[in-house]
Amino acid sequence: MADGTLRNIGPIILLGPPGAGKGTQAKRIAERYGIPQISTGDILRDNVQRGTDLGLQARAVMARGELVPDSLVCDMVAGRLRQADCARGFILDGFPRTPAQAGWLDAFLEREVFDNGRGGQCLPIVMRIDVDYNRLLQRLTGRRTCLANGHIYNVYFQPPRVADICDVDGSRLVIRNDDREEVIRERLKAYDLQTRPVAEYYEQKGRLVVVDGDLPVDEVSERVLREIENHAVTAAGGS
Ligand code: AP5
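For the structure given in this document, a descriptive report is provided here. All chains use their own residue numbering, which begins from 1 and follows the written sequence. At least 70 in pLDDT is required for a residue's local features to be given in this predicted model, at least 80 for side-chain atom pairs to be given and counted, and no such filter applies to totals for whole chains, interfaces and linings, which use all residues. In computing side-chain values, all of the structure's heavy atoms are included and hydrogens and water are not.

So, the side chain of Asp 106
Where we set the bar: Think of it this way: any DSSP run of H or I at least four residues long counts as a helix, any run of E at least two long counts as a strand, and we number them from the N terminus. For each residue, the accessible area found with a 1.4 Å probe, counting protein chains only, is set against the maximum for its type, and the residue is called buried under 20%, exposed over 50%, and partly exposed in between. Any pair of residues with heavy atoms lying within 4.5 Å of one another is described as a contacting pair.
Among the secondary structure elements, Asp 106 is positioned in helix 5 (residues 99-111). Note on Asp 106: relative accessible area 14%, which makes it buried. Excluding its chain neighbours within four sequence positions, the residues that come into contact with Asp 106 are Tyr 201, Lys 205 and Arg 207.

As for the sheet that holds strand 8 (residues 208-212)
Quick reminder of the rule: Strand pairing requires that DSSP identify at least two bridges connecting the strands. The axes are straight lines fitted to the C-alpha atoms, using for helices just the contacting stretch, and the angles between their N-to-C directions are given from 0 to 180°.
On the basis of which strands lie adjacent, the open sheet formed by five strands has the order 2-3-1-4-8 and parallel pairing. Edge positions in the sheet fall to strand 2 (37-39) and strand 8, since each has one partner strand and no second. Recorded for the sheet is a direction-independent mean angle of 25° between the axes of neighbouring strands. With five bridges connecting them, strand 4 (residues 125-130) and strand 8 associate as parallel partners. When the sheet's bridge partners are listed, Ile 129 is paired in strand 8 with Val 211.

Concerning the pattern of salt bridges
The line we're drawing: Should a side-chain nitrogen of Lys or Arg be within 4 Å of a carboxyl oxygen of Asp or Glu, the pair is scored as a salt bridge.
Considering all chains together, one arrives at 17 salt bridges under this definition. Among the salt bridges present, the one from Asp 42 reaches Arg 45, with a minimum N-O distance of 2.8 Å. Of the two residues, Asp 42 and Arg 45 both sit in helix 2 (residues 40-50), three residues apart, roughly one turn of that helix. In this structure, the salt-bridge partner of Glu 186 is Lys 189, at a minimum N-O distance of 3.2 Å. Taken as a pair, Glu 186 and Lys 189 lie in helix 7 (residues 181-204) at a separation of three residues, close to a single helical turn. Given a relative accessible area of 31%, Glu 186 falls into the partly exposed group. For Lys 189, a relative accessible area of 48% puts it in the partly exposed group. In this structure, a network of salt bridges that share partners links the residues Arg 143, Arg 176, Asp 178, Asp 179 and Arg 187.

Read these as spatial facts, not as claims about activity.
Right, here's the structure in full:
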């Protein structure tokens, strides 16, 4: 449930390798501020499941653990960001994932001004969640996701109360198609080669915040929410 402060939060970008906890934290931020989580992975998986044109183009690429072409993903994100529920802010989870996507996003945000209550555009807060490489494999192989609403669990770190059943909505928990060890390795490779430079892109602009994602989930959330509050104060010209 949102905390009632219907302030403008602006764009929040979560970077980090597969399994870093982007989706887990994005859901908590969404709940706290009442802004949407935009997970490009979730939107693509939904398209694959529904057999849309986009889904048919993305299916094999995703199954190999590679990245879907920039042009397809940017068009998809543009459509989503123009929806009314993004007006107060939004959380990008899994986007941008290449320097080209980051450049595209900057241009898009400049062109399509998001009202931050001061008639201007809020610069995004960019957070990279860092996790020790060796833990990622365990996080991904242990992940279970609920079919109905995408609630995230982990058989090692965040087990549901009843095995394979979502605590929140009682739906079945499933293993994601790309959480097989051979695909995970390809996803981690794609992250190293194509997505690491995105953090450098934002670092050069002085906009990167790094959060220790090795901590327990609640402690990571505390840090993430603190960074968002600090950013909001700075953006509003506070001390
Ligand atoms: P996507 O769905 O974005 O996957 P990803 O980036 O690989 O990230 P994950 O969803 O696997 O991990 P996460 O960081 O969200 O971790 P989570 O919170 O679930 O992308 C999938 C595919 O889609 C890509 O491979 C690509 O093909 C395509 N795609 C998507 N976006 C694209 C783009 N922009 N461009 C091109 N292609 C794109 O947590 C993981 C597990 O760890 C869970 O079990 C959780 O319970 C547990 N956990 C979380 N935090 C903690 C903690 N602090 N301590 C212990 N356990 C924790």
